[in-house]
Amino acid sequence: MKHITCIEDLRQVHKRKVPKAFFDYADRGSYSEDTLRANVDDLQQIKFRQRILVDVSKRDLSTTILGEPAALPLILAPVGLTGMQYGDGEIHACRAAQAAGIPYTLSTMSICSIEDVAANVDKPFWFQLYVMKDRGFIKALIERAIAAKCSALVLTVDLQVIGQRHADIKNGMTVPPEWSLSKLVDFATKPAWVAGVLRGKRRTFGNLVGHLKGTDDITALGTWIATQFDTTLNWKDVEWIRSIWPGKLILKGILDVEDAEEAAKTGAQALVVSNHGGRQLDGAPSSIEVLPEVVDAVGSRIEILFDGGIRSGQDVMRALALGAKSCMIGRAYIHGLGAYGGPGVAKALDIIRNELSVTMGLCGVNTIAEIDDHVLAI
Ligand SMILES: Cc1cc2nc3c(=O)[nH]c(=O)nc-3n(C[C@H](O)[C@H](O)[C@H](O)COP(=O)(O)O)c2cc1C
Ligand SMILES: CCCCC(=O)C(=O)O
């Protein structure tokens, strides 16, 4: 992996090794992809203030996330179908995060189940929840997360209605999947990927299997899921979740100050400023554009996490400078996983760690706590 020097290099290998339908599912966004692009572009436009002749020999990237020590201000974001990018992808990603000293978030829509991951990693991880119409199932899922000793619940609040991703439809990334000659040929040219996924524990939605009388049939599960996203979801449901989940609660998918104010009243410990990586409301502002106003409004009352468009340590520094306490990354680690499995995730984290360390050094900063808008050239 010596030739891999940045996240884009991992992306290129991911693209080569993983079937197009799954690569595009990870890489692309909703509708015109304006918000997806804005996430990346708006971050890159933020300029740093270079500072010289400051002793930066004792740089320390450690911090706390929800009161727990972390080696970096980073969290692996929940990513559905991670186990289709690489066999047992959720377990590999979680292990890499834990080795790097940061939290991993398992998606409701994961391939490996909560129990699969818990049985194969050393430390607690976070669980991301989609609230579905079948509240009995949701209650049982929360109980499973409690039994697995998950250390935080990330309640995603921006996917009551699903933004259309054109690429997924064109690629037959539907449930059940659509097959075509070109898709079969594509799979046939990726035997290492096929073998890896076949060796994995599951090839369906691991958390949902037991629910439908033990069926592993992706069509049955997919049909059920399609009817289950709940458009009635509202703040009362957050209260209900709060009442049955005893641990730390994080609300993910907030872009609006009024919503942030509401979130701060729920008793949640943190919120994630996020537009779901440009996969939901196309035309929404980039996450970084709204971060400062959310921090101003509620940053003293609730921990502010950030995601959307982070592709480098410089981007992490930019988000911290504008008030985020830590950042979630989605595609940046998924590219590493698709490219090389667990070592690829570790590589993605190494890249971002080193970039952040150098950026801190060149901005004259030694600790994460020192990073604020003084490091920016504005
Ligand atoms: C392939 C993919 C699947 C995702 N699945 C979920 C999910 O299951 N639950 C969730 O809350 N967010 C999901 N997200 C959103 C991420 O958690 C995160 O908000 C987003 O990836 C951040 O943007 P970035 O990819 O630019 O870092 C997904 C993102 C991607 C790229
Ligand atoms: C139905 C969507 C589940 C995964 C997800 O959140 C995403 O693809 O963005």
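Keep in mind it's a predicted model, so treat the numbers as computed, not measured.

*Asks:* Provide a residue-level description of the packing of aromatic side chains, including the pertinent values.
*Replies:* Applying the stated criterion across every chain yields a total of 6 aromatic pairs. With 6.3 Å between their ring centres and 55° between their planes, Phe22 and Phe187 make a pair best called tilted. You can see Phe22 sitting in helix α2 (residues 20–27) and its partner Phe187 sitting in helix α8 (residues 181–188), a full 165 residues away along the chain. As far as the burial class goes, Phe22 and Phe187 line up, both buried.

*Asks:* Hey, could you go over the pairing of strand β10 (residues 326–329) for me, with residue numbers and the actual values?
*Replies:* Here β10 shows no split at all, with Ser326 and Met328 on one side and Cys327 and Ile329 on the other all buried. Pairing of strand β3 (residues 74–76) with β10, which is carried by 3 bridges, proceeds in the parallel orientation. When the bridges of β10 are listed, Ile75 appears paired with Met328. Handedness of the crossover joining strand β9 (residues 303–306) and β10 through helix α14 (residues 313–321) is recorded here as right-handed.

*Asks:* Describe in detail the sheet that holds strand β6 (residues 152–156), supporting the description with residues and values.
*Replies:* In a beta sheet, neighbouring strands are held together by backbone hydrogen bonds and run either parallel or antiparallel to one another. The strand order across the open sheet formed by 8 strands is β3-β10-β9-β8-β7-β6-β5-β4, and the pairing between neighbours is parallel. Whereas interior strands pair on both sides, the edge strands pair on one side only; in this sheet they are β3 and β4 (105–106). Most of the contacts of α14 go to β10, to which it runs at about 135°, and overall it touches β3, β9 and β10.

*Asks:* Would you mind going over the layout of surface pockets in detail, with residue names and values included?
*Replies:* Of the pockets and cavities examined, the second largest pocket occupies roughly 600 Å³. Every element with two or more residues in the lining of the second largest pocket is listed here: α11 (235–244) and β7 (248–254). Per-element tally for the lining of the second largest pocket: the top contributor is β7, with 3 residues. Class assignment for the residues of the lining of the second largest pocket results in 15 nonpolar, 7 polar and 4 charged.

*Asks:* Can you break down the packing of helix α1 (residues 7–17) against helix α15 (residues 331–340) residue by residue, with the values?
*Replies:* At their nearest, the axes of α1 and α15 sit 7 Å apart, and the two run at 50° to each other. Relative to α15, the element α1 is oriented oblique. Considering only the axes of α1 and α15, their crossing is left-handed. Here Ile7, Leu10, Arg11, Val13, His14 and Lys17 of α1 lie close against α15, whose contacting residues are Ala332, Ile334, His335, Gly336, Gly338, Ala339 and Tyr340. Here the contact of α1 with α15 is built from residues that sort into 7 nonpolar, 4 polar and 2 charged.

*Asks:* Could you give an account of the nonpolar core, with specific residues and numbers?
*Replies:* Within the largest apolar cluster, 113 residues are counted, with the highest numbers of intra-cluster contacts made by Leu76, Leu129, Leu271 and Leu291. Ranked by the residues each element gives to this core, the list is headed by helix α16 (residues 342–362), at 7 residues. Excluding its chain neighbours within four sequence positions, the residues that come into contact with Leu291 are Val273, Ile304, Phe306, Ala319, Leu322, Gly323 and Ala324.

Scoring rules and cut-offs
- Residues numbered from 1 in each chain as written.
- Chains lettered and ligands numbered in written order.
- Predicted model: local features only at pLDDT ≥ 70, side-chain atom pairs only at ≥ 80, totals over all residues.
- Heavy atoms only, no water.
- Phe/Tyr/Trp six-rings, centres within 6.5 Å; stacked < 30°, edge-to-face > 60°.
- Helix = DSSP H or I, 4+ residues; strand = E, 2+ residues; numbered from the N terminus.
- Buried < 20%, exposed > 50% of the residue type's maximum accessible area, 1.4 Å probe, protein only.
- Pairing = 2+ DSSP bridges.
- Right-handed = clockwise from strand over helix to strand, strands pointing away.
- Contact = heavy atoms within 4.5 Å.
- Axes fitted to C-alpha atoms, helices over the stretch in contact; angles between N-to-C directions.
- 1 Å grid on protein atoms, 1.4 Å probe; cavity = no way out; pocket = protein on both sides within 12 Å on 5 of 7 lines; lining within 4 Å.
- Points joined across faces, edges and corners; volume = space filled by probe spheres on them.
- Nonpolar A, V, L, I, M, F, W, Y, C, P; charged D, E, K, R; others polar.
- Parallel < 35°, antiparallel > 145°, perpendicular 65-115°, else oblique.
- Left-handed = near helix turned anticlockwise from the far one by under 90°.
- Core = buried A, V, L, I, M, F, W, Y, C linked by side-chain atoms within 4.5 Å.

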